[in-house]
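Reading the structure
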Amino acid sequence: MQIIEVTGYAVRSAVITMRRTGTPLEFVIFPMLHVASPTFYSQVRIRLRECDLIVIEGIRGKSVGVSALTLAYRFTPRRRRNGLQEQREDLLLPEAVQVIHPDVTAAEAIADLKTLPRWLYLLLMVAAPVMGLVFALRGPGAFLDEDLVVEDLPSTLRAEMMADDPVRHALTDRRDQRLLDALGEIHVERGDEPIRVAIVYGAGHVPAIVSGLRDRHGYRPREAEWLTVLIPA
């Protein structure tokens, strides 16, 4: 199943609805990119208004290390000629919908990264701002990279290697577990209610969300809608 599609002219995100036989609750997954066109964020916001509960990504608290990592995508929207925006909650969240933040703290995120070999951790801290500058200079065309494709199961040897990347595991494993625990609580407490629960998380987390909801609770993808993330000029 495709989650993020990259073609020669556009990047698209698949909004995935998961349902379980005999359960009225449904989960709607919004695979996000930290930088996208303003239109993409406005389209997500419109759809979030139709949901009853929003579960959203966002590391809580601050740290120098987390700030260094986020420079990888904060540079790009600062160049107005790129026509892109950074993902922000004020661009996404409708005022009337309840929001849950189950993500890790900044201290927990850095502690996970420090389980990597020291040389790799230091390289990551240095490389993130550099990559941000590269993306900013290349503009939207930088996003037309096949490595940005996300699928529920790796379809190439390179994708398999990237899925096993220790940095990826350090960045996502604890956060995925925390999210799935929160979704499990929602299923147990509100599974008999006809509500739509939005999951607004980075696209890299979505394979774990899909497999976790399926394996733990029996939810399966039932429909999908493509949203255009960006079209380079």
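Up top is the structure.
The paragraphs below set out a description of the structure included in this document. (Residues numbered from 1 in each chain as written. Predicted model: local features only at pLDDT ≥ 70, side-chain atom pairs only at ≥ 80, totals over all residues. Heavy atoms only, no water.)

**Remarks on the pattern of salt bridges**
Put simply, the test is: By definition here, a salt bridge exists when the distance from a side-chain nitrogen of Lys or Arg to a carboxyl oxygen of Asp or Glu is within 4 Å. Helical segments are the DSSP runs of H or I of at least four residues, strand segments are the runs of E of at least two, and each set is numbered from the N terminus. Partly exposed describes any residue whose relative accessible area lies between the buried limit of under 20% and the exposed limit of over 50%, with all areas from a 1.4 Å probe on protein chains only and scaled to the type maximum.
Taken as a whole and assessed by the stated rule, the structure comprises 14 salt bridges. Between Arg178 and Glu108 there is a salt bridge whose closest N-O contact spans 3.2 Å. Placement of the pair is Arg178 in helix α7 (residues 166–190) and Glu108 in helix α4 (residues 106–113), with a sequence separation of 70 residues. Residue Arg178 is classed as partly exposed on the basis of its relative accessible area, which comes to 26%. Here Asp215 ties to Arg214 by a salt bridge, and the two come within 2.9 Å at their closest N and O atoms. Taken together, the shared-partner salt bridges in this structure form one network comprising Arg19, Glu26, Arg196 and Glu223.

**Observations concerning the packing of α4 against α7**
For clarity, the cut-off: To obtain an axis, a line is fitted to C-alpha atoms, over the contacting stretch when the element is a helix, and the angle between two such axes runs from 0 to 180 degrees between their N-to-C directions. These descriptions rest on fixed angle ranges, namely under 35 degrees for roughly parallel, over 145 for roughly antiparallel, 65 to 115 for roughly perpendicular, and the rest for oblique. Crossings are classed by handedness, with left-handed meaning an anticlockwise turn of the near helix from the far one by less than a right angle and right-handed meaning a clockwise turn. Any two residues whose heavy atoms approach within 4.5 Å at even a single point are treated as in contact. Residue classes follow a fixed rule: Ala, Val, Leu, Ile, Met, Phe, Trp, Tyr, Cys and Pro count as nonpolar, while Asp, Glu, Lys and Arg count as charged, and any other residue, Gly among them, counts as polar.
Two elements in contact, α4 and α7, have axes whose closest approach is 8 Å; the angle formed by their N-to-C orientations is 135°. Taken together, the axes of α4 and α7 lie oblique to each other. When you trace α4 past α7, the crossing you get is right-handed. Contacts from Glu108, Ala111, Asp112 and Leu113 in α4 reach Ala170, Leu171, Arg174 and Arg178 in α7. Classifying every residue of the contact of α4 with α7 gives four nonpolar, no polar and four charged.

**Digging into the side chain of Asp112**
Following the sequence through the fold, Asp112 ends up in helix α4. Judged by its relative accessible area of 14%, Asp112 falls in the buried class. The residues touching Asp112, leaving out its near neighbours within four places in the chain, are Ala170 and Arg174.

**Comments concerning the packing of aromatic side chains**
Operational definition: Between rings of Phe, Tyr and Trp, where Trp is taken as its six-membered ring, a pair exists when centres lie within 6.5 Å; planes separated by under 30 degrees are stacked, by over 60 edge-to-face, and by other angles tilted.
Using the criterion set out here, one finds two aromatic pairs in the structure. Judged by centre distance (5.0 Å) and plane angle (75°), the ring pair of Phe27 and Tyr219 falls under edge-to-face. Note that Phe27 is positioned in strand β3 (residues 23–32) and Tyr219 in the loop between α8 (206–217) and β10 (220–230), a separation of 192 residues in sequence. For Phe27, a relative accessible area of 0% puts it in the buried group. Ring centres 5.5 Å apart and planes at 55° place the aromatic pair Phe40 and Tyr41 in the tilted group.

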